[in-house]
Amino acid sequence: MNRFIRSVIGFLGLSFALSASPALAQEPPAWNRSVEAVAILPDDTGGYHVTVMIGAEADGIETISDLSVDVFILVNGMLVEEQPHEIIAYPNSDMSSSCPPCPTFQPCICCEASGICGCGGIIAPAPGTAASHPLQPGDEIIIQAVPPSSALPDSDMSDNELELTFQGEPVFWERRIVSAHLAPPSTPDGTHDLIVEWEVLLAEITYELDLSTEIVVLVNGVVAGGVDACADSPFLISPDNPCLSIGCELQEGCASASCAGASMTLRCRYANSNWWELGCACLSAEPMPLVVPGLVLQPDDEVMVTLATSQRGTPNLPGSEAGATMTLTVPCSADLNGDGVVGGADLGMLLAEWGPCQSCETCQDCPADLTGDCQVGGADLGILLSSWSS
Ligand SMILES: [Ca+2]
Ligand SMILES: [Ca+2]
Ligand SMILES: [Ca+2]
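Residues numbered from 1 in each chain as written. Chains lettered and ligands numbered in written order. Predicted model: local features only at pLDDT ≥ 70, side-chain atom pairs only at ≥ 80, totals over all residues.

For the protein chain, the helix and strand inventory stands at three helices and 24 strands. Across the 390 residues that make up the protein chain, the buried fraction comes to 38%. A separation threshold of at least 6 residues defines the contact pool for the protein chain, and within that pool the share at least 24 residues apart is 62%. (Helix = DSSP H or I, 4+ residues; strand = E, 2+ residues; numbered from the N terminus. Buried ≥ 20, exposed ≤ 12 C-beta atoms within 10 Å, placed from the backbone. Contact = placed C-beta atoms within 7 Å.)

Next up, the structure:
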């Protein structure tokens, strides 16, 4: 969606220039679709599924607009698949609860009061009906997004085609949670901090991707908090050498990424993914840590953390949801004696309880088991020490 972001910025710049010059007429409405990215994933027949990410935008519309698109997939010049896709753009006055937010734009996108609207979405055939393609290394794949005659034409056709050479390996991207845990509060009625480490997997990407992510915390099914992983600037992946062509060694530089102004190098590593049981992929050299502060939790709460796609980011691929969600246990308070501070007395109680818990149904059963694994050990000690009252 980076191209989309750039085009929005371009539009804003143009609007400013026009408003500063009253002699010029207002910019007419503009519609655009674009091919943003392509994933090529193995299926269980030995062939490959092709999944396409389409961007759609409508600037300055005042009526419901048809942005439908026909997606054509060509292999070595032969048309092998056609996916008609309905996309409806609703101006702000028609926005309703039935119109989903980005990036799942199917089948509609909603436009903001500013008159600028845009979304990206994954176009993938439904499971079981997906076309299987017997791809060979070296095959030339072309994706085209063509407005059907019944829909509004594109104002810019230069971004409606994407071409790549199949290298014989899957092409995918994925975000996943490496670890997540709740820090116990330092007082009995205190709040919890959620510490999340996340990473990206991607292989054979040949174009820039925006993998910006938001952490969303659900408590008993209700959104209770969250944080934008790249609030100030998008998490952009810029491919350099495709990972698989240089092997699964700890090689730096298969791609680079930036988040909130900080740049990082991704490296090739062995990785499990949903697509490729043990393959190599570009991964961040170290998991990226994030903290969601100040969660008010009760011991019986069901806490779930999810890596959600940022509004501006490339959606996750269908099927990659498993690594993007984790359910957590609310830890007991590190203030074991309940005197309002974490200190030497609590440390003494923890050491006295060292070893397996006799029971661990509630925090009262085994207070020093801060990790919830029904034993008191080094991990619990570490949490207690990190909660130490200053
Ligand atoms: Ca276009
Ligand atoms: Ca205490
Ligand atoms: Ca424990």
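Structurally, I122 can be placed in strand β8 (residues 116-123). Accessibility expressed as a C-beta count within 10 Å gives 21 for I122, which makes it buried. In this structure, I122 is in contact with T51, M53, P315, L317 and P318, ignoring residues within four places of it in sequence.

What holds strands together in a sheet is hydrogen bonding between their backbones, with the strands either parallel or antiparallel. Strands sit in the order β5-β4-β9-β10 across an open sheet of four strands; the sheet is antiparallel. With partners counted over all chains shown, the strands left at the sheet margins are β5 (78-85) and β10 (161-165), one partner each. Each neighbouring strand pair of the sheet contributes to a mean axis angle of 15°, computed without reference to strand direction. When strand β9 (residues 140-146) meets β10, the two strands line up antiparallel, connected through five bridges. From the neighbouring strand, Q144 faces β10, where its bridge partner is E161. (Pairing = 2+ DSSP bridges. Axes fitted to C-alpha atoms, helices over the stretch in contact; angles between N-to-C directions.)

Here we come to the confidence of the model for the protein chain. Taken as a whole, the protein chain shows an average pLDDT of 80; of its residues, 79% reach a score of 70 or greater. Scored below 50 in pLDDT, residues 1-25 makes 31 contacts in the model with residues more than four places away or belonging to other chains. (pLDDT = per-residue confidence, 0-100.)

Turning our eyes to something else, we now look at the sheet that holds strand β22 (residues 325-328). Read from one edge of the open sheet, four strands run β15-β14-β21-β22, paired in antiparallel fashion. Looking at strand neighbours, the two that pair on one side only are β15 (222-228) and β22, the edges of this open sheet. Each adjacent strand pair in this sheet contributes to an overall mean axis angle of 20°, direction not counted. Both strand β21 (residues 303-309) and β22 contribute to a ladder of four bridges, which runs antiparallel. When the sheet's bridge partners are listed, V305 is paired in β22 with M326.

Turning to the packing of helix α2 (residues 344-352) against helix α3 (residues 378-386), a few remarks are in order. The N-to-C vectors of α2 and α3 enclose an angle of 175°; their axes lie 11 Å apart at closest approach. Between α2 and α3, the crossing angle belongs to the class labelled roughly antiparallel. Touching D346, L347 and L350 of α2 are D380, L381 and L384, all from α3. For the contact of α2 with α3, the residue count by class is four nonpolar, no polar and two charged. (Parallel < 35°, antiparallel > 145°, perpendicular 65-115°, else oblique. Nonpolar A, V, L, I, M, F, W, Y, C, P; charged D, E, K, R; others polar.)

A separate point is unusual backbone geometry. Even without a glycine there, the phi angle at N76 is positive, about 50°. Within the secondary structure, N76 is located in the loop between β4 (69-75) and β5. A positive phi angle, close to 65°, is found at C374, a residue other than glycine. Mapped onto the elements, C374 comes out in the loop between β23 (355-356) and β24 (375-376).

This part takes up the environment of T371. Residue position: T371 is located in the loop between β23 and β24. With 188 residues separating them in the primary sequence, T371 and A183 have C-alpha atoms 9.2 Å apart. In contact with T371, other than residues within four places in its own chain, are P331, A379, D380 and I383.

Moving on, we get to the pairing of strand β2 (residues 48-59). Along a regular strand, successive side chains alternate from one face of the sheet to the other. Among the twelve residues of β2, twelve are classified as buried, and the element is accordingly described as predominantly covered. Neither face of β2 is left uncovered, since the one carrying Y48, V50, V52, I54, A56 and A58 and the one carrying H49, T51, M53, G55, E57 and D59 both have all their residues buried. Note that strand β1 (residues 30-42) and β2 share twelve bridges and pair antiparallel. Across the sheet, residue S34 finds its bridge partner in β2, namely G55. Where β1 folds back onto β2 in an antiparallel hairpin, the turn is made up of five residues, including G46, whose phi is positive at roughly 95°.

On to the pairing of β9, then. In β9, alternate side chains face the same way, and those of I141, I143 and A145 are buried while those of E140, I142, Q144 and V146 on the opposite face are not. In the sheet, β4 pairs with β9 via six bridges, with the strands oriented antiparallel. Paired with D70 across the strands is V146, a residue of β9.

Time to look at α3. Count 3.6 residues to each turn of an α-helix, and residues three or four apart come out pointing the same way. Residues of α3 that are buried include every one of D380, I383 and L384, and no others. The buried residues of α3 occupy an angular sector of 100° when projected down its axis, which confines them to one face. In α3, those exposed residues whose orientation departs by more than 90 degrees from the buried face are G378, G382, L385 and S386. Looking at the buried positions of α3, the neighbouring elements they touch are β11 (172-183), α2 and β24. (Arc of directions from axis to C-beta.)

What follows covers the environment of E208. If you trace the backbone, E208 turns up in the loop between β12 (192-203) and β13 (209-210). The class of E208 is partly exposed, set by 16 C-beta atoms lying within 10 Å. Separated by 172 residues in sequence, E208 and E36 have C-alpha atoms that sit 8.9 Å apart.

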